[in-house]
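Chains, contacts and geometry: an overview
One-letter residues, chain by chain:
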Amino acid sequence: MSIFRPQYTIDTVYNLNPVTLKKMGIKTVFSDLDNTLVAWNQKETLKKISQLRNRLNQHEISLVVISNNKYERVNKILEPLGIEFIASAKKPFKKNLVKAMAQDGVTPAESLMIGDQILTDILAGNSAGMKTALVKPLIKSDGWHTWLNRLVEKFILGCLNSKEKITYQEDLHEQ
Ligand SMILES: [Mg+2]
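Residues numbered from 1 in each chain as written. Predicted model: local features only at pLDDT ≥ 70, side-chain atom pairs only at ≥ 80, totals over all residues. Heavy atoms only, no water.

As recorded in an unreviewed UniProt entry, the protein goes by YqeG family HAD IIIA-type phosphatase and comes from Holzapfeliella saturejae.

So this is what it looks like as structure tokens:
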């Protein structure tokens with residue numbers, strides 16, 4: 001089960017604190033898009049994404065988005081913001097995460113994979129040897145295409161919680 005356990009949790013990606021990340025030795029934050037950075041097509045979150053990027057960049061930490069969603073959707077959101085991304089990333093496979101780390105010139109220990117799904121984001125990040133952080137999904141239901149994922153996820157969370165309860169805090173918090 002440990003491959004499914006996030007090393008850290010945090011209430012939301014928008015709480016990421018560059019000082020905490022620096023202490024952890026993080027140079028690049030690789031973030032999921034849907035339900036982590038954006039809930040459906042909420043336009044107001046665009047400003048929040050660029051503010052987060054700027055805040056990280058001020059401390060020489062990069063933000064790269066790793067999404068399983070298709071190129072058109074990811075590009076439409078992130079291209080205007082000038083944020084680096086990989087679409088159709090096929091998480092939980094680690095291949096594209098390994099590629100993204102190489103492109104950014106960072107090691108797994110200098111990388112944080114953050115997202116709302118254990119089955120994709122956390123599994124992929126853990127497989128790639130990165131540090132991983134689980135966030136609460138921005139909205140509870142994000143469409144029919146992930147309901148099965150959510151069901152399996154609920155089961156895995158139940159198993160993890162029975163061993164040691166996963167809790168969320170305002171800033172990154174070790175599990
Ligand atoms: Mg997601």
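Having seen it, we continue.
1. Considering the overall build of the protein
Counting secondary structure elements, the protein contains 6 helices and 7 strands. Along the protein, from the amino end to the carboxyl end, the secondary structure elements read β-α-β-α-β-α-β-α-β-α-β-α-β. Taking 2.2 N^0.38 as the reference for a compact globule, 175 residues should give roughly 16 Å; the C-alpha atoms of the protein span a radius of gyration of 15 Å, in line with that estimate. Summarising its shape, the C-alpha atoms of the protein cover approximately 40 × 35 × 30 Å along the three principal directions. In the protein, which comprises 175 residues, the proportion classed as buried is 49%. When contacts within the protein are restricted to residue pairs at least 6 apart in sequence, those whose partners lie at least 24 apart make up 71%. A total accessible area of about 9,100 Å² is found for the protein, and carbon and sulfur atoms account for 56% of it. Taken together, the 24 basic and 18 acidic charged side chains of the protein have centroids lying 2 Å from each other. (Helix = DSSP H or I, 4+ residues; strand = E, 2+ residues; numbered from the N terminus. Rg over C-alpha atoms; globule rule 2.2 N^0.38 Å. Buried < 20%, exposed > 50% of the residue type's maximum accessible area, 1.4 Å probe, protein only. Contact = heavy atoms within 4.5 Å. Areas by Shrake-Rupley, 256 points an atom, 1.4 Å probe, with all protein chains shown as cover. Lys, Arg positive; Asp, Glu negative; His and termini not counted. Charge placed at Lys NZ, Arg CZ, Asp CG, Glu CD.)

2. Topic: the sheet that holds strand β7 (residues 173-174)
Two orientations exist for strands paired in a sheet by backbone hydrogen bonds: parallel and antiparallel. The sheet built from 7 strands is open, its strands ordered β4-β3-β2-β5-β6-β1-β7 with mixed pairing. Each edge of the open sheet carries a strand with a single partner, namely β4 (84-86) and β7. Pairing between strand β2 (residues 28-31) and strand β5 (residues 111-115): 4 bridges, direction parallel. Bridge pairing in β5 links Thr 28 to Ser 111. Packing against the sheet, helix α5 (residues 118-127) makes contact with β5 and β6 (131-135), and its axis sits at approximately 165° to β6. (Pairing = 2+ DSSP bridges. Axes fitted to C-alpha atoms, helices over the stretch in contact; angles between N-to-C directions.)

3. Side note on the coordination of the magnesium ion
Within the protein, the atoms that donate to the magnesium ion are Asp 32 (OD), Asp 34 (O) and Asp 116 (OD), at distances of 2.1 to 2.3 Å. Mapped onto the sequence, the donors of the magnesium ion take the spacing D-x1-D-x81-D. Of this pair, Asp 32 sits in the loop between β2 and α2 (45-57) while Asp 116 sits in the loop between β5 and α5; the two residues are 84 residues apart in sequence, bridging distant segments of the chain. When its relative accessible area of 7% is taken as the criterion, Asp 32 is described as buried. Among the residues examined, Asp 116 registers a relative accessible area of 2% and is labelled buried. (Donors = N, O, S within 2.8 Å, 3.2 Å for Na, K, Ca; no water.)

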